[in-house]
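# Observations on chain architecture
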Amino acid sequence: MSRSRRRFKAPNMSFIEMVEMVDILKRDDYDGQHGPYSNPNVRKGKIMAKVVKSLHRNFGVRRPKDQLRKRWSDLKLREQDQYRKIKRVLQKREKRLRTSEDTRDPPPPKEKQIPTPQPEDVEEGEVYEVGEIVTTTGDVDVVEEEITHFTSASAQILIGEIMVCNRDLQKIKEDINDVEKRLKNIIGVLGRI
């Protein structure tokens, strides 16, 4: 009598789905690196269920837990380049969130002068663009755009960043709606008094 093990194929996932999965697994310490946990297998099952739910909610795909475990294992052991790219995206996102928290009490804006390219600084055929980004705090950032060549990997990273920003923006909008509803309820209660 032969025994055969059931093998799971790692699912084909888009880069942004993998970013979402890795974000949850790292944030919730799926591998248990930050301490001994009671019932580690139950804990891992709950974390993986959270990943399944998040992928379904954000991307409309249902993925079995076993396939996601296999993808996680493959990322760490066989697809280390892809895993490093994902970690870089998550680090950039975390840095962006930290800096947005730091800008709650921004320092007074400084005057900035926009450099104007001189004809001798620009080679023939080279594109030199200067733009201003004015934030709601009144800060002015000068952006110099260089010619860069996009690869499909860098385009996927940018698309992933855009989707993450859209998701964060959606959460902020939902929070604002919740606060508005609570305020209306409070005003309604106060009106009855």
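Residues numbered from 1 in each chain as written. Predicted model: local features only at pLDDT ≥ 70, side-chain atom pairs only at ≥ 80, totals over all residues. Heavy atoms only, no water.

### A closer look at the side chain of Asp23
On the secondary structure map, Asp23 appears in helix α1 (residues 15-27). For Asp23, the residues in contact, after removing those within four places along its chain, are Leu90, Arg93 and Arg167. (Helix = DSSP H or I, 4+ residues; strand = E, 2+ residues; numbered from the N terminus. Contact = heavy atoms within 4.5 Å.)

### Overview of the packing of α1 against helix α3 (residues 65-77)
Closest axis-to-axis distance for the α1/α3 pair is 11 Å, and the angle between their directions is 90 degrees. Considering their axes alone, α1 and α3 lie roughly perpendicular with respect to each other. Of the residues in α3, those in contact with Met18, Met21, Val22, Leu25 and Lys26 of α1 are Leu68, Arg71, Trp72 and Leu75. Taken together, the residues of the contact of α1 with α3 break down into 7 nonpolar, no polar and 2 charged. (Axes fitted to C-alpha atoms, helices over the stretch in contact; angles between N-to-C directions. Parallel < 35°, antiparallel > 145°, perpendicular 65-115°, else oblique. Nonpolar A, V, L, I, M, F, W, Y, C, P; charged D, E, K, R; others polar.)

### Side note on unusual backbone geometry
Residue Asp29 is not a glycine yet carries a positive backbone phi of 55 degrees. Relative to the helices and strands, Asp29 resides in the loop between α1 and α2 (40-59). Even without being glycine, Asn39 reaches a positive phi, approximately 50 degrees. For Asn39, the position within the fold is in the loop between α1 and α2.

### Examining the pattern of salt bridges
On inspection of all chains with the given rule, the structure shows 13 salt bridges. Asp23 is paired through a salt bridge with Arg27; the nearest N and O atoms lie 2.9 Å apart. Here Arg27 and Asp23 lie together in helix α1, a separation of 4 residues that amounts to about one turn. Of the residues examined, Asp23 reaches a relative accessible area of 15% and is grouped as buried. Between Arg98 and Glu94 there is a salt bridge, and its shortest N-O distance comes to 3.1 Å. Placement of both Arg98 and Glu94 in helix α4 (residues 80-102) is noted, with a separation of 4 residues, approximately one turn of the helix. Several salt bridges converge on common partners, so that one network encompasses Asp23, Arg27 and Arg93. (Salt bridge = Lys/Arg side-chain N within 4 Å of Asp/Glu carboxyl O. Buried < 20%, exposed > 50% of the residue type's maximum accessible area, 1.4 Å probe, protein only.)

### Overview of the UniProt feature "coiled-coil region" (unreviewed entry) in the protein
As recorded in UniProt, the feature "coiled-coil region" (unreviewed entry) lies at residues 162-189. End-to-end, the C-alpha atoms of residues 162-189 are 41 Å apart, and along that stretch the chain is 100% helix and 0% strand. (UniProt positions renumbered as here; feature names shortened; annotations may be inferred.)

### Some points on the environment of Leu90
With respect to the helices and strands, the residue Leu90 is situated in helix α4. Along the primary structure Leu90 and Val164 are separated by 74 residues, whereas in three dimensions their C-alpha atoms are 9.9 Å apart. Contacts of Leu90, omitting those with residues within four sequence positions, involve Val19, Val22 and Asp23.

### Some words on the nonpolar core
Note that soluble globular proteins tend to have their nonpolar side chains buried in a common cluster. In this structure, Met21, Val22, Leu25, Val51, Leu68 and Ile86 are the most contacted members of the largest nonpolar core, which totals 22 residues. The set of elements that each furnish at least two residues to this core consists of α1, α2, α3 and α4. Counting residues per element, this core draws most heavily on α1, at 7 residues. Residue contacts for Leu25: discarding those within four places in its chain leaves Tyr30, Ile47, Met48, Val51 and Trp72. (Core = buried A, V, L, I, M, F, W, Y, C linked by side-chain atoms within 4.5 Å.)

### A word on the packing of α2 against α3
Contact geometry for α2 and α3: axes closest at 10 Å, N-to-C directions at 100 degrees. When the axis of α2 is compared with that of α3, the two are roughly perpendicular. Contact residues: α2 offers Gly45, Met48, Ala49, Val51, Val52 and Leu55, while α3 offers Lys65, Leu68 and Arg69. In terms of residue class, the contact of α2 with α3 is made up of 6 nonpolar, 1 polar and 2 charged.

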